[in-house]
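# Descriptive analysis of the structure
So the chains spell out like this:
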Amino acid sequence: MSEPEEELKGEQADSSKKKKKKNDSVLLRGIFKVEKKSHDVLLSRTKLTWTPILPETPTGEASAPQPGVMLLQDVFAVRVKRRRAVGQQSGGAVLGVALFYCSRKGMKLEEDTLHLHNASAEHTHTWFNTLKELLSGFNSRPRYLKVFINPSSHKKEAVHIYRDHVAPLFKMADIRTDITVTERKGHALSVMKECKLDEFDGVVCVGGDGSVAEMCHALVLRAQLDVDSPENPVKPVLPLGIIPAGSTDVVSCSVHGVRDPVTAALHIVLGHLQHVDMCSFWSLGQLVRFGFSAMFGFGGRSLARAEKNRWMSSSRRREYALVKTLAKLRPEDCQLSFLPAKTSKSSLFGHRNQDQDPESEEEESWTTKQGLYLSISIMSIPCLSPHAPQGLAPNTSLANGSASLIAVGNASRSEFIKHLKRYSSSSGLFSFSFVETHNVSAVKIRPRSLMGGSEEDSDEEGDSKTTPIIHSEGATFPWNIDGELVEMSHEVFIRVHSRLITLYGEDVDEAESTVSCSCI
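A brief structural summary. (Residues numbered from 1 in each chain as written. Predicted model: local features only at pLDDT ≥ 70, side-chain atom pairs only at ≥ 80, totals over all residues. Heavy atoms only, no water.)

### Side note on helix α11 (residues 413-421)
Considered for burial, the residues of α11 that qualify are Arg413, Phe416, His419 and Leu420. On an axial view of α11, the arc spanned by its buried residues comes to 120°, and they lie on one face. Contact partners of the buried residues in α11: α8 (298-307), α9 (314-327), β16 (367-379), β17 (403-409) and β18 (435-447). (Buried < 20%, exposed > 50% of the residue type's maximum accessible area, 1.4 Å probe, protein only. Helix = DSSP H or I, 4+ residues; strand = E, 2+ residues; numbered from the N terminus. Arc of directions from axis to C-beta. Contact = heavy atoms within 4.5 Å.)

### Side note on the pattern of salt bridges
In total, this model carries 14 salt bridges according to the counting rule given. A salt bridge links Arg222 to Asp226; its shortest N-O distance comes to 2.9 Å. Here the residue Arg222 and the residue Asp226 both occupy positions in helix α5 (residues 209-226), the gap between them amounting to four residues, near one helical turn. Taking relative accessible area as the criterion, Arg222 reaches 12% and is therefore assigned buried. (Salt bridge = Lys/Arg side-chain N within 4 Å of Asp/Glu carboxyl O.)

### Section: the packing of helix α4 (residues 187-194) against α5
Angle between the axes and distance between the axes: these two values describe a pair of packed helices. The N-to-C vectors of α4 and α5 enclose an angle of 25°; their axes lie 9 Å apart at closest approach. One element, α4, and the other, α5, form an angle in the roughly parallel class. The two elements α4 and α5 cross, and the hand of that crossing is right-handed. Here His187, Ala188, Leu189, Met192, Lys193 and Glu194 of α4 come into contact with α5, specifically with Glu214, Met215, Ala218, Leu219, Leu221, Arg222 and Leu225. (Axes fitted to C-alpha atoms, helices over the stretch in contact; angles between N-to-C directions. Parallel < 35°, antiparallel > 145°, perpendicular 65-115°, else oblique. Left-handed = near helix turned anticlockwise from the far one by under 90°.)

### Points about the environment of Lys108
Examined against the element boundaries, Lys108 turns out to sit in strand β7 (residues 108-117). Here Lys108 falls in the partly exposed class, since its relative accessible area comes to 33%. For the pair Lys108 and His256, spaced 148 residues apart in sequence, the C-alpha separation works out to 8.0 Å.

### As for α4
All buried positions along α4 are accounted for by His187, Ala188, Leu189 and Met192. On its buried face, α4 is in contact with β8 (144-149), β9 (176-181) and α5.

### Observations concerning the packing of aromatic side chains
Per the stated rule, a full pass over the model turns up eight aromatic pairs. Seen in terms of ring centroids, Tyr144 and Phe200 are 4.6 Å apart; in terms of plane orientation they differ by 40°. Their pairing is tilted. One end of the pair, Tyr144, is in strand β8; the other, Phe200, is in the loop between α4 and β10 (202-207), and 56 residues separate them in sequence. Residue classification places Tyr144 among the buried residues on the basis of a relative accessible area of 15%. For Phe200, a relative accessible area of 6% puts it in the buried group. Taken together, Phe296, Phe477 and Trp479 form an aromatic cluster joined through their ring pairs. For the cation-ring pair, Arg141 lies above Phe138, with the distance from its terminal atom to the ring centre recorded as 4.2 Å. Taking NZ or CZ as reference, Arg176 lies 4.0 Å from the ring centre of Tyr144, over its face. (Phe/Tyr/Trp six-rings, centres within 6.5 Å; stacked < 30°, edge-to-face > 60°. Lys NZ or Arg CZ within 6 Å of the ring centre and 35° of its normal.)

What follows is the structure, encoded as structure tokens:
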């Protein structure tokens, strides 16, 4: 290392030490009762500590109790405590301050409270004002949110979930909200196109994966409109918060680790931000949508069957579609092309050029295969869920600038079921000769449409190794894009865009698991 580099490193270390010392310097010190015992309480810019005040021992030596510590980054509200009579709305004798903070229980975040008791009004208000000022310094925390609620999600509980679990936390954190309860599919997209987004600090979606997909798509489209860039994806200025209210909540699990509305709300309140990769889906040169994941073959066909039986409950509908599609399991005959993800330092840290022209990728080294596939999945996030705690795509992460391509070749029904069952376990998911995985930056899938009858015309339940599905001329192919059914009849081009959107949450390795579906 050269002398200038050593000097620069030394200066940076000194600066870091000075900053840490400044942050740890005591701003306030006072006596409060915590759980009926007097404590010596210290407040710095980053934390609050409280130590019990104990009498000296007979030998004159004072014991050294362990102090309690709370980081201010976990505190989201502070209130003055008062004694009030029944029905009294204001005033009352000062009792001290209450700090509302976030505690972690495994992957869940929970609301908790620390009560600091002191009857001095002047002392209490000094602490209250200082704490409020320090909390206002967390710039990533929202103050005004645009909220979309899908009342039809899953068991139609979204409104109740928001009202009972989320709204009280937003109110406690002094977050104002503007709420739209969506009335139809596409309603959120139409509102987003006209909404004055510069008034807000973030957007919140209360719903399932379909609602989340629509909102993410709307945010990117709105960003393109704002800068007049219809050809290239543009990173939205506002982050998106996801309150899970669906049946699987894959995107929410991938940034929270759990399907818990309180955890999701606390990530929003505390301003925990996570940059996330997205994909764009194109057909015939036209943008179809932006999203996180797509399934062709088994995943698309099972969803298409489920959509035809929406009169069933969601869980029964999924199991029926899964069993029926397995019974009529056939491979798709298609051409699969993919562009391997670059392994340079820039791509490892997720800084690929978002504005790269799709045509320029033609000059790079594409890999092309022709064959029979039972399932092809492209996922830019791990797609964690309670049924797949390691994720549907454990080989990728939220922001590594690439997607996981999982191509399941032709195999017997029993072997394919073994592969599906591995999603609920912790290992061996892809340890089959007919399964291949690749980290990719782009994918093309071109199905072969042959003359003849369609899949639905035959009730034969032969083995999958016999013949591929035969499609009539002009037939469409069902795709499962973020849990939404999309019918497309031509080649589909999928491209990964690094860190295209910002979500409230954090990068998690595994989701809380539940008992997997019993139908297989």
